[in-house]
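Next come the chains, spelled out residue by residue.
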Amino acid sequence: MTQALPKVIIHGGAGSSHGHKDRLVALREDLHSIVMQVYSKAAAGASARDCVVLGCQLMEDSPQYNAGYGSVLQSDGQVRMSAGLMDGEAQRFSGIINVSRVRHPIDLAAYLQPFPDRVLSDLGAAELAREMGLPPFDPITDLRLKEWMAERANNFQSTMAGVVAEAVEVPAGSESRRGTIGVVVLDTNGHLAAGTSTGGKGLERLGRVSDSATVAGNYANSVAAVSCTGIGEDIIDECLAARIVVRVTDGMAMATALEKSFAEATEHGRDFGAIALSQRGEIAWGKTSEVLIAAYHTGEVVGDTLELNSGTLTGVV
Ligand code: GLY
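Remember, it's a predicted structure, so these values are computed and weren't measured experimentally.

Caption draft 1: Broad picture of helix α5 (residues 142–153). For α5, which comprises twelve residues, the first-to-last C-alpha distance of 16 Å matches the rise-based estimate of 16 Å (1.5 Å per residue) to within 8%. Here α5 has its buried residues at Leu 143, Arg 144, Glu 147, Trp 148 and Glu 151. End-on view of α5: buried residues confined to an arc of 135 degrees, all on one side of the axis. Within α5, the exposed residues directed more than 90 degrees away from the buried face are Asp 142, Arg 152 and Ala 153.

As structure tokens, then:
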């Protein structure tokens, strides 16, 4: 098979603002560093799936994002994380829903790939972590705890904790922003994969299921792959990832598929963003939110979406 130039795109959330200029500089540095590490692995010949897992692990390790370490707390003050992984070549989805006390939720989703039961939640997720021999890990940061305590003091007036990544500590009580993470890769064999990991919306009621471990939030086949970020219920209502992938698979150009999907989303008042790759090597993104925190590697240059205009926009590189 002809070796293709690998492509990588990652996201760290979508929402209303990434705030101060210093935050933008730090976020850019972090995103570019991660996208380059993932690209190096892909350029060395690793599979799209392994590259996606690496990218998700790196972002789960960073407290800037709402995934793994630094995840937001739910209404009862606990962290429960979810992750989805889809191997486009095998067209196989696996996922973990509302898992606690693990460092890398994406590892549990990856472990499930070959099994007949591939999406586990709550008790099953805890049992799986034990089966995998994962050491208990506390993902709660002081900042997240302070934010939750401020919400508690305010009688939980907010309906959710926010969705955009933050690069610097925000003072307790101020509006905080953080984001779900996602990674999409086209490998040197021309195979695609997508992975998404999240701490959820924050302050949600017990048992709420995020879009990230569903095909609405994370979907791939041999033609296209998509990872979403933003309000999970909006993403599920649009069936966003699968919608874009199916449109491209049925012959629509990636640019048109995104324009159409995001025009519909705007009409429906949705708040989210998505990153995408096609087998042809098109790197793409779209958002209805003001900000989409994403970075990509084209094989030649690294770019990002940090300073786009607010409102609905789509782009293909
Ligand atoms: N998109 C993450 C969530 O709503 O759970």
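Caption draft 2: Just the site of the ligand, in detail. Taken together, the residues surrounding the ligand are Thr 180, Thr 198, Gly 200, Lys 201, Arg 208, Ser 210, Asp 211, Gly 230, Ile 231 and Gly 232. For the ligand, the accessible surface in isolation is 200 Å², of which the surrounding protein chains cover 99%.

Caption draft 3: Molecular detail of the state of the cysteines. All told, the structure shown has zero disulfides when counted by the stated rule. Cys 239 supplies the cysteine sulfur nearest to Cys 228, a cysteine that is in no disulfide, at a spacing of 9.0 Å.

Caption draft 4: Summary view of empty space enclosed by the protein. By the definition in use, this model includes two cavities of 30 Å³ or more. The computed volume of the largest cavity comes to approximately 50 Å³. If you trace the largest cavity, you find eleven residues lining it, with Thr 180, Thr 198, Gly 200, Asp 211 and Gly 230 closest to the centre. Of the residues in the lining of the largest cavity, the class split is one nonpolar, seven polar and three charged. As a volume, the second largest cavity reaches approximately 40 Å³. In terms of lining residues, the second largest cavity is bounded by Gln 74, Arg 80, Ser 82, Asn 98, Gly 199, Gly 200, Glu 204, Arg 208, Val 209 and Ser 210. By residue class, the composition of the lining of the second largest cavity is one nonpolar, six polar and three charged.

Caption draft 5: Expanded view of the sheet that holds strand β3 (residues 92–99). Sheet architecture is open: eight strands sit in the order β4-β3-β2-β6-β5-β1-β11-β12, paired in mixed fashion. Looking at strand neighbours, the two that pair on one side only are β4 (119–121) and β12 (302–304), the edges of this open sheet. Taking each pair of neighbouring strands and ignoring which way they run, the sheet shows an average axis angle of 10 degrees. Bridge count between strand β5 (residues 181–186) and strand β6 (residues 192–198): six bridges; the pairing is antiparallel. Opposite Ile 181, over in β6, you have Ser 197 as the bridge partner. Helix α2 (residues 48–61) rests against β1 (7–15), β2 (81–87), β5 and β6 of the sheet, and its axis sits at about 155 degrees to β5. Where helix α4 (residues 122–131) meets the sheet, it contacts β3 and β4, and its direction lies at approximately 105 degrees from that of β4.

Caption draft 6: Local environment of the packing of helix α1 (residues 21–43) against α2. Where α1 meets α2, the closest approach of the two axes is 9 Å, and the angle between their N-to-C directions is 155 degrees. Classified by the interaxial angle, the pair formed by α1 and α2 is roughly antiparallel. Classified by chirality, the crossing of α2 by α1 is right-handed. Here α1 contributes Leu 31, Ile 34, Gln 37, Val 38, Lys 41 and Ala 42 to the contact with α2, which in turn contributes Asp 50, Cys 51, Leu 54, Gly 55, Leu 58 and Met 59. Here the contact of α1 with α2 is composed, by residue class, of eight nonpolar, two polar and two charged.

Calculation criteria
Residues numbered from 1 in each chain as written. Predicted model: local features only at pLDDT ≥ 70, side-chain atom pairs only at ≥ 80, totals over all residues. Heavy atoms only, no water. Helix = DSSP H or I, 4+ residues; strand = E, 2+ residues; numbered from the N terminus. Expected span 1.5 Å × (residues − 1). Buried < 20%, exposed > 50% of the residue type's maximum accessible area, 1.4 Å probe, protein only. Arc of directions from axis to C-beta. Near = heavy atom within 4 Å. Areas by Shrake-Rupley, 256 points an atom, 1.4 Å probe, with all protein chains shown as cover. Disulfide = S-S within 2.5 Å. 1 Å grid on protein atoms, 1.4 Å probe; cavity = no way out; pocket = protein on both sides within 12 Å on 5 of 7 lines; lining within 4 Å. Points joined across faces, edges and corners; volume = space filled by probe spheres on them. Nonpolar A, V, L, I, M, F, W, Y, C, P; charged D, E, K, R; others polar. Pairing = 2+ DSSP bridges. Axes fitted to C-alpha atoms, helices over the stretch in contact; angles between N-to-C directions. Contact = heavy atoms within 4.5 Å. Parallel < 35°, antiparallel > 145°, perpendicular 65-115°, else oblique. Left-handed = near helix turned anticlockwise from the far one by under 90°.

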